[in-house]
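# A look at the structure
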Amino acid sequence: MKKELQTGQIEFINIAKSYRTSKGKYGLLRDIIGEKFSGLSSAKSKNQEKFYALRNISFTVNPGECLGIIGNNGAGKSTILKLISKITYPEKGLVKARGRIGAFIELGAGLHHELTGKENIYLYGAILGMSKAEIKKQYRDIVRFAGIGKFLDVPIKKYSSGMYSRLGFSVCAFSDPDILLVDEVLAVGDIDFQKRCLEKMHSFAGRKTIVFVSHNLDAIKSICSRVIFIDGGEIVKIGRPNDVIKEYVRRSSKSRKN
Amino acid sequence: MTLTGNLSELVKFRELLLAFTDKEIKIRYKQTLLGFLWAILQPAALTLIFSIVFGVFLKVSFSTIPYPVFAYSALLPWSFLSSALSFGSLSVVNNSSLVTKVYFPREIMPLSSIAAAFFDFIVAGLIFILMFFIFKVPIGANIAYLLIIIPSLLALTIGISLILAAINVLYRDVRFVLPIFLQVFMYLTPIIYSVEQIPQKYRVYVLLNPAAGLVESFRDVTVLNRSPQMVPLAYSIAMSFVILILGYAYFKKKEKVFADVI
């Protein structure tokens, strides 16, 4: 029985995703030849070759919900975001997401150095799936939110890194996505901008689906309605922010003692 | 996804294609002194060199028309093909930061590079029209064949670019092979010579290259003001669209692993 997703809904069903650590298929010829001749140790080397970024991941995010994802570096958080936005595809399982996806994944992706701030707003807006007319309508708000009014006609290669990320986040925030993916955006920008980002995300909360990856546990706690803690590509705990964060903190301090 | 699904996705992102093309055109000549003039200077410089080497030194003459016109009439479509191929093939890798971070149909990157090269083609085409007046070349009804020759040239260019762009993501060797490939490709295409000057027994092999029929026909229907050779032209048109379809299918098949291997 096939059920249609609602707009803004995300569903992961038994997702597994692995990367090859040695380059194997798309790498060097000598690896392929080496594999053929390694004989006895081949089973072992095959295990080392594959690195599971995610295994057996299943969850659903409902429209209007804000899901936080926490875990150590390399746990697979960003891979989940990439799967939602269809940048990468799962090896096993099924990813479903319905609605326009706005991904603020890393600062500056999609901005072009040689172009001016204004040109970049139009370019980045288009990358996020906005039409020219939509961008035009939101243009003034985007500029105001980013606080780059004076530098609109300057090529952004002259911008500071803070201005960069403000520009990126602003366009994304006004692209009116059904699903907003946010990956560690708060690590950049000054305190004032961080505050505005959080406010913007708060204003989204309840109306839009947000998936928020961060190491900033306070921010997670203040925005998210549910949190997933992943470790080594697997879900350790999923549930209310306080409980899951407690578990995460407990585990990290334990592993630090060992 | 099916072909129609892929195409409707592409239609959905048409504004992005426009925005990318706009960007390509803008950044190509940023911080250059001569700007858009480069669109004209590239084929013009080659025309000058060929005119001196082949027209003056080697005295390759061709019937009624001056050698510069003869050379430019083929260098115009060729410059488009070669610059679109060089930008298009590298476009996905050159945008790798986008590929790993944002979703959109990946073919938009090579397509926008090709569209920008097509813009240059139109600019350089204006000079071509000027040449008609300067050298007093009559314009005839045969010029209407351009309505099928140019779309076929586009199809061929897109097809080859898509294949090379996808291969380049997997194997960066493309970057090194490309200049050699273009060099060979140019000499195998009737630009400095005409198909009629090839010994009869080799002619058919040269015409296996779909670009040969297109470039030769382009010259026939413009400066030579005569109808094209129908069989080679029909073959070239058919091949161009076959290559387009194969190239698109190959690109879409490989696209899924782009973000993982780029």
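Described in the following lines is the structure provided in the data block.

The rules behind these values
- Residue indices follow the written sequence of each chain, beginning from 1 at its first position.
- The order in which chains are written sets their letters, starting at A; the order in which ligands are written sets their numbers, starting at 1.
- Local features in this predicted model are restricted to residues of pLDDT 70 or higher, and side-chain atom pairs are both shown and tallied only at a pLDDT of 80 or more, whereas totals for entire chains, interfaces and linings draw on every residue.
- Hydrogens and waters are ignored; side-chain quantities use all the structure's heavy atoms.
- In this text, helices come from DSSP runs of H or I with a minimum length of four residues, and strands from runs of E with a minimum of two, each type numbered from the N-terminal end.
- When checking whether two residues touch, look at their non-hydrogen atoms; a contact exists if any pair is within 4.5 Å.
- Here, Shrake-Rupley sampling with a 1.4 Å probe gives the accessible areas, and only protein chains in the shown set may cover a residue.
- By buried area we mean how much accessible surface two parts lose on assembly, using a 1.4 Å probe and totalling the loss over both.
- In the sections that follow, a salt bridge refers to a side-chain nitrogen of Lys or Arg positioned within 4 Å of a carboxyl oxygen of Asp or Glu.
- Throughout this description, a polar contact denotes any pair of N or O atoms lying within 3.5 Å of each other; where both atoms belong to protein, one of them has to be capable of donating a hydrogen while the other can accept it, and for residues adjacent in sequence the pair is counted only when both atoms sit in side chains.
- When DSSP finds two or more bridges between a pair of strands, those strands are recorded as paired.
- Convention adopted: a line fitted to C-alpha atoms gives each axis, helices being fitted over their contacting stretch, and angles between N-to-C directions are expressed from 0 to 180 degrees.
- Only protein atoms enter the 1 Å grid used here. Points where a 1.4 Å probe fits but cannot escape make up a cavity, open sets with protein on both sides within 12 Å along at least five of seven lines make up a pocket, and a residue lines them when an atom lies within 4 Å of a point.
- Grid points are joined across faces, edges and corners, and a volume is the space filled by probe spheres set on the points.
- Classification convention: Asp, Glu, Lys, Arg as charged; Ala, Val, Leu, Ile, Met, Phe, Trp, Tyr, Cys, Pro as nonpolar; all other residues, Gly among them, as polar.

On a plain count of helices and strands, chain A comes out with nine helices and nine strands. Taking contacts inside chain A between residues at least 6 apart in sequence as the whole, the part at least 24 apart equals 74%. Summed over its atoms, the accessible surface of chain A is roughly 13200 Å², and 51% of this surface lies on carbon and sulfur atoms.

Let us look at the interface of chain A and chain B. In this assembly, 26 residues from chain A lie in contact with 26 residues from chain B. Carbon and sulfur atoms make up 63% of the surface buried where chain A meets chain B, a total of about 2300 Å² over both sides. Between the two partners, chain A and chain B, sit four salt bridges. Counting every contact that joins chain A to chain B gives four residue pairs in polar contact (both at pLDDT 80 or more). Mapped onto the side of chain A that touches chain B, the elements with two or more residues apiece are strand 1 (10-20) and helix 4 (117-127) of chain A. Looking at the side of chain A that touches chain B, the element that brings in the most residues is helix 4 of chain A, giving four residues.

Further remarks concern the sheet that holds strand 4 (residues 92-97) of chain A. Hydrogen bonds between backbone groups are what pair the strands of a sheet, and the pairing can be parallel or antiparallel. Residues and elements named next belong to chain A. If you trace the three strands from one edge of the open sheet to the other, you get 2-1-4, paired in antiparallel fashion. Whereas interior strands pair on both sides, the edge strands pair on one side only; in this sheet they are strand 2 (50-61) and strand 4. On average, each strand axis in the sheet is tilted by 30° relative to the strand beside it, whichever way the strands run. In this structure, strand 1 lies alongside strand 2, joined through eight bridges in antiparallel fashion. Pairing of Ile10 across the sheet is with Val61, part of strand 2.

Now for empty space enclosed by the protein. Per the stated rule, a full pass over the model turns up one cavity of 30 Å³ or more. Each pocket or cavity is described by its volume, and for the largest cavity that value is around 60 Å³. Around the largest cavity, the lining residues are Lys86, Ile87 and Tyr89 of chain A together with Tyr103, Phe104, Arg106, Glu255 and Lys256 of chain B. Here the lining of the largest cavity is composed, by residue class, of four nonpolar, no polar and four charged.

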